[in-house]
Amino acid sequence: MNIRNTAETLRLRRRWPRYAAPLVALALLLAAWRGDLSLPAPPPPTATVTMTNMLDFAPDTLYIEPGTEVTWENTSLLVHTVTADPEEASVEGSVVLPEGAEPFDSGKMDPEETFTHVFNEPGTWRYFCIPHEGTKMVGTVIVE
Ligand SMILES: [Cu+2]
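Trainee: Please clarify how the overall build of the chain should be interpreted in this entry.
Mentor: Check the secondary structure of the chain and you find two helices and nine strands. Along its sequence from the N terminus, the chain presents helices and strands in the succession α-α-β-β-β-β-β-β-β-β-β. Residues classed as buried in the chain amount to 19% of the 144 residues present. Considering only intrachain contacts with a sequence separation of at least 6, the fraction spanning at least 24 residues in the chain is 59%.

Next comes the structure, spelled out in structure tokens:
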């Protein structure tokens, strides 16, 4: 047993000379230095808002950092929208956008549908649901 182990060790030693490990380490260091081993960018932060049978967004106010990917999930039995476009609003104050921000609109979302928007501009965003604007189905996203 011992003799066999020693023989195997010797064979391994012969196959992998003593300088092999430092050489591999050096090659990896060089590759890293050249940028070949750069790590993938971390995934963006995410948040979820649900659209309910009670005609509201939950949470109705969401605090996030810039670059957060927000997903709305229609968990209700109704059609809702996520609309941050003042042109679509018929009630004053349904939409508020940070200065220079692009409006967006999910369009009609059937039950179980999702919609995602990435918030880059800091500030206060207020959005609403087109079919339920009259019952004040509005939500706020604060990017800070
Ligand atoms: Cu709605």
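Having seen the structure, we can now continue with the description.
Trainee: Could you clarify how one ought to interpret the sheet that holds strand β7 (residues 114–119) in this entry?
Mentor: Adjacent strands of a sheet form backbone hydrogen bonds with each other and so pair up, either parallel or antiparallel. Pairing is mixed across the open sheet formed by four strands, whose spatial order is β2-β1-β4-β7. What marks the edges here is a single partner per strand, and that holds for β2 (57–58) and β7. The sheet contact formed by strand β1 (residues 46–51) and strand β4 (residues 68–74) spans six bridges and is parallel. Counted as the bridge partner of T50 is E73 from β4.

Trainee: Would you mind going over the nonpolar core with me for this structure?
Mentor: For soluble globular proteins, nonpolar side chains are generally found buried alongside one another. In this structure, F119, W125, Y127, F128, M137 and V141 are the most contacted members of the largest nonpolar core, which totals 18 residues. Put simply, the parts of the chain that give this core at least two residues each are β1, β4, β8 (123–128) and β9 (138–143).

Trainee: It is not clear to me how the pairing of β9 should be interpreted in this structure. Could you clarify?
Mentor: A regular strand places its side chains so that they alternate between the two faces of the sheet. One ladder, built from four bridges, connects strand β3 (residues 61–64) with β9; its direction is parallel. Of the residues in β9, the one forming a bridge with T61 is T140. Here β8 runs beside β9; their pairing, made up of six bridges, is antiparallel. Along β9, the bridge assignment pairs G123 with V143.

Rules used in this analysis
Residues numbered from 1 in each chain as written. Predicted model: local features only at pLDDT ≥ 70, side-chain atom pairs only at ≥ 80, totals over all residues. Helix = DSSP H or I, 4+ residues; strand = E, 2+ residues; numbered from the N terminus. Buried ≥ 20, exposed ≤ 12 C-beta atoms within 10 Å, placed from the backbone. Contact = placed C-beta atoms within 7 Å. Pairing = 2+ DSSP bridges. Core = buried A, V, L, I, M, F, W, Y, C linked by C-beta atoms within 7 Å.

Function-wise, these values are silent; they only describe arrangement.
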